Amino acid sequence: MNTKLAFGTYRTGLDDPEHEAALTLALKEGIRLIDTSTNYMNGDAERLIAKTLDSVYGGYKPDDLEIVSKCGYIQGSLLDAIKKEEQENLDDKETTAGRTIIDELDIVKYSESCYHSIHPGFIKAEITKSLERLGLERIDCYLLHNPEYYLIYTIKDERSRTDAQLIMLDRILDAFMQLETEVKDGRIGSYGISSNSFSLEQHAMYFMPYEELISLAKKAAYEVGNEIHSFSTVQMPINLLEKEGLACAHWAKQNGLRVLANRPLNASKDNLMFRLASHEEPKEYFGLLNEAMGFLEEVKADSIFNLIGELDNYKHRFGWIGEYQSFLMSKVIPHIRQELIKIEDDYVRENISKLLMDYFVTYEEMVLYECAKQTKSMLEHAGVKIEKTIEEAALNDLINSADIDYILVGMRKRKYVSVLLEI
């Protein structure tokens, strides 16, 4: 396995044993960096790392294995707790005139399901939780996770952009001072920023002005009393279709920082999403389609029959797998449930359910295959040479870049790890 490849733990947790098996295999095959975050699977991604380290190394973390975690997002149980405290403060007439937890932690209410903070007090508390979940006394590197959420939430038009950026940089300075303190106290080894805005053009509304960051780190170190700053790392999306981040990556390398590239196989381009991976055509698809259509016709389930026929005709028209999954959950499944309720015969209803479950598993594989064909055609038209698979071309493009130190790849299954072993 190439030494630049690292294990990304987004969407990994304790519920699926395959996740632990995949991480175990990756470690045994030479992965030396694991990237995680406090909000991944409500903290279970960090707990998974601790469990796997215990099973592979007996709880000991080798010196050459690096753990990178992040904070910033407030989701899941933490968000519920903050909302509850906020409501209790509002209900208590004696405290409404004072500062709430939202004020104290300078929280950005990005959406109902996601708040955000890089306040020093929040960072300190999150590092404590990360250390507990990971079972470590020290985290090798700790990142601020998308601090530009303040910009996205605050900027309403171009006139407010400059002021918002200055305020965000002040917030980052305060955060850096806390992170320098954490380095001084030995709870983290170094720190940095993971930002999608590193991969924007400089004129973009939510661009992260990264050339200011080293000055902020030096100032933070001086204020805390550290001789040198410990700002070491930037992380951003870079892939075959999103090259804008290479400007930041090149600046980072020139200034002695290291670069972690994320989303190497999930690209956003022209408001469309692309999965940069090849997929085989599922051989059993048409057999399952014919079996389902035959039974639906036999029992005169016309509405579901017509729906499956329309889906078959539409399988090559989804832009990416996420579009299909959203359509499935919002439109297809509710319609099928309504139609199944109308069927009185238990045998017929149960058989339709079983046939459709088998069919939809294979249909998703067919959508992946069709999307991969479209992506390959688009890449080749753009001059990208694909000798074997799309993912090999995408990863090798990053591996061969002198400005990228690590490539964070989602490896939730052992088969994904096995594929990467061949690159």
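Please read these numbers as outputs of a predicted model, since none were measured by experiment. (Residues numbered from 1 in each chain as written. Predicted model: local features only at pLDDT ≥ 70, side-chain atom pairs only at ≥ 80, totals over all residues. Heavy atoms only, no water.)

K.L.:
How would you explain the overall build of the chain if you had to name every residue and give the values?
P.N.:
For the chain, the helix and strand inventory stands at 15 helices and 13 strands. A compact globule built from 423 residues should have a C-alpha radius of gyration of about 22 Å, and the chain, at 24 Å, falls within 12% of that. Principal-axis analysis of the C-alpha atoms gives the chain an extent of 80 × 60 × 55 Å. Taking contacts inside the chain between residues at least 6 apart in sequence as the whole, the part at least 24 apart equals 77%. Of the roughly 20,900 Å² of accessible surface on the chain, a fraction of 48% belongs to carbon and sulfur atoms. With 48 positive and 71 negative side-chain charges, the chain shows a separation of 1 Å between the mean positions of the two kinds. (Helix = DSSP H or I, 4+ residues; strand = E, 2+ residues; numbered from the N terminus. Rg over C-alpha atoms; globule rule 2.2 N^0.38 Å. Contact = heavy atoms within 4.5 Å. Areas by Shrake-Rupley, 256 points an atom, 1.4 Å probe, with all protein chains shown as cover. Lys, Arg positive; Asp, Glu negative; His and termini not counted. Charge placed at Lys NZ, Arg CZ, Asp CG, Glu CD.)

K.L.:
Describe the side chain of Glu-180, listing the residues and the values that go with them.
P.N.:
Along the chain, Glu-180 turns up in helix α7 (residues 161-184). Of the side chains with opposite charge, Lys-184 comes closest to the buried, unpaired Glu-180, at an N-O distance of 8.9 Å. (Buried < 20%, exposed > 50% of the residue type's maximum accessible area, 1.4 Å probe, protein only. Salt bridge = Lys/Arg side-chain N within 4 Å of Asp/Glu carboxyl O.)

K.L.:
Provide a residue-level description of the pairing of strand β9 (residues 231-237), including the pertinent values.
P.N.:
The element β9 is largely enclosed, with a buried count of 7 among its 7 residues. Sheet analysis places strand β8 (residues 188-194) next to β9, joined by 4 bridges and oriented parallel. For Gly-192, the partnering residue across the bridge sits in β9 and is Thr-233. A crossover connection joins β8 to the parallel β9 through helix α8 (residues 213-224); in handedness this β-α-β unit is right-handed. Relative to strand β10 (residues 258-262), β9 runs parallel, the two being bridged by 5 bridges. For Thr-233, the partnering residue across the bridge sits in β10 and is Arg-258. Assessed by its sense of winding, the connection that carries the chain from β9 through helix α9 (residues 245-254) to β10 is right-handed. (Pairing = 2+ DSSP bridges. Right-handed = clockwise from strand over helix to strand, strands pointing away.)

K.L.:
Can you lay out the nonpolar core for me, pointing to particular residues and giving the numbers?
P.N.:
Membership of the largest hydrophobic core comes to 82 residues, with the highest contact counts inside it found for Ile-172, Phe-176, Leu-179, Phe-198, Phe-231 and Leu-276. A per-element tally of this core places α7 first, with 9 residues. Setting aside anything within four residues of it in sequence, one finds Phe-176 in contact with Leu-144, Tyr-191, Ile-193, Leu-213, Leu-216, Ala-217, Ala-220 and Phe-231. Ranked by size, the runner-up nonpolar core spans 31 residues in total, among them Leu-289, Leu-328, Ile-352 and Tyr-369. (Core = buried A, V, L, I, M, F, W, Y, C linked by side-chain atoms within 4.5 Å.)

K.L.:
Explain the state of the cysteines to me, using residue names and the numbers behind them.
P.N.:
A disulfide bridge is the covalent bond that connects two cysteines by way of their sulfur atoms. Going through the model one piece at a time under the given rule, you end up with 0 disulfides. Cysteine Cys-71 remains unbridged, with the sulfur of Cys-141 as its closest cysteine sulfur at 12 Å. The cysteine Cys-114 is free of any disulfide, with Cys-71 supplying the nearest cysteine sulfur at 13 Å. Assessed through its relative accessible area of 5%, Cys-114 is described here as buried. (Disulfide = S-S within 2.5 Å.)

K.L.:
Outline the sheet that holds strand β4 (residues 73-74), listing residues and values.
P.N.:
Reading across the sheet, the 3 strands line up as β4-β6-β5 and stay open at both edges, with antiparallel pairing between neighbours. Edge positions in the sheet fall to β4 and β5 (108-111), since each of these pairs with one other strand and no more. Summarising the sheet, β5 and strand β6 (residues 114-116) pair through 2 bridges and their orientation is antiparallel. Bridge pairing in β6 places Ser-111 opposite Cys-114. Each of β4, β5 and β6 touches helix α3 (residues 76-91); the most contacted strand, β6, lies at about 80° to it. (Axes fitted to C-alpha atoms, helices over the stretch in contact; angles between N-to-C directions.)

K.L.:
Break down the packing of helix α1 (residues 17-28) against helix α2 (residues 44-57) for me, with residues and values.
P.N.:
In contact at an axis separation of 10 Å, α1 and α2 are set at 55° when each is read in the N-to-C sense. Here α2 runs oblique to α1, going by the angle between their axes. Considering only the axes of α1 and α2, their crossing is right-handed. Contacts from His-19, Glu-20, Leu-23, Thr-24 and Leu-27 of α1 reach α2 at Leu-48, Ile-49, Lys-51, Thr-52, Ser-55, Val-56 and Tyr-57. (Parallel < 35°, antiparallel > 145°, perpendicular 65-115°, else oblique. Left-handed = near helix turned anticlockwise from the far one by under 90°.)

K.L.:
Could you give me a rundown of the packing of aromatic side chains, with the residues and numbers involved?
P.N.:
All told, the structure shown has 18 aromatic pairs when counted by the stated rule. Ring plane angle 50° and centroid distance 6.0 Å describe the contact between Phe-318 and Phe-327, whose orientation is recorded as tilted. Overall, the relative accessible area of 2% leaves Phe-318 in the buried class. Given a relative accessible area of 33%, Phe-327 falls into the partly exposed group. One aromatic cluster in this structure is built from Tyr-285, Phe-286, Tyr-314, Phe-318, Tyr-324, Phe-327, Tyr-359, Phe-360 and Tyr-363. (Phe/Tyr/Trp six-rings, centres within 6.5 Å; stacked < 30°, edge-to-face > 60°.)

K.L.:
Quick rundown of the environment of Arg-258? Include the residues and the values.
P.N.:
Locating Arg-258 in the fold gives a position in strand β10. For the pair Arg-258 and Leu-241, spaced 17 residues apart in the sequence, the C-alpha separation amounts to 22 Å. Leave out the neighbours within four places in its chain, and Arg-258 touches Leu-33, Glu-66, Val-68, Cys-141, Ser-232, Thr-233, Val-234, Lys-253, Asp-405 and Tyr-406. Of the polar contacts made by the side chain of Arg-258, one reaches the side chain of Glu-66; its length is 2.4 Å. (Polar contact = N/O pair within 3.5 Å; in protein donor to acceptor, adjacent residues only side chain to side chain.)

K.L.:
Kindly report on helix α11 (residues 302-314), identifying the contributing residues and their values.
P.N.:
With 13 residues, α11 should cover 18 Å at 1.5 Å per step; its first-to-last C-alpha distance of 18 Å lies within 8% of that length. Of the residues making up α11, those classed as buried are Ile-304, Leu-307, Ile-308, Gly-309, Leu-311 and Asp-312. (Expected span 1.5 Å × (residues − 1).)

K.L.:
Hey, could you go over a negative patch on the surface for me, with residue numbers and the actual values?
P.N.:
The grouping of Glu-85, Glu-88, Asp-91, Asp-103 and Glu-104 at the surface amounts to a negative patch. Only α3 and α4 (101-104) provide two or more residues apiece to the negative patch. Of all the elements, α3 adds the most residues to the negative patch, at 3 residues. Structurally, the position occupied by Glu-85 is in helix α3. On the basis of relative accessible area, Glu-85 is assigned to the partly exposed category, the value being 35%. (Patch = residues over 30% accessible without salt bridge, like charges linked within 9 Å, V, L, I, M, F, W, Y side chains within 5 Å.)

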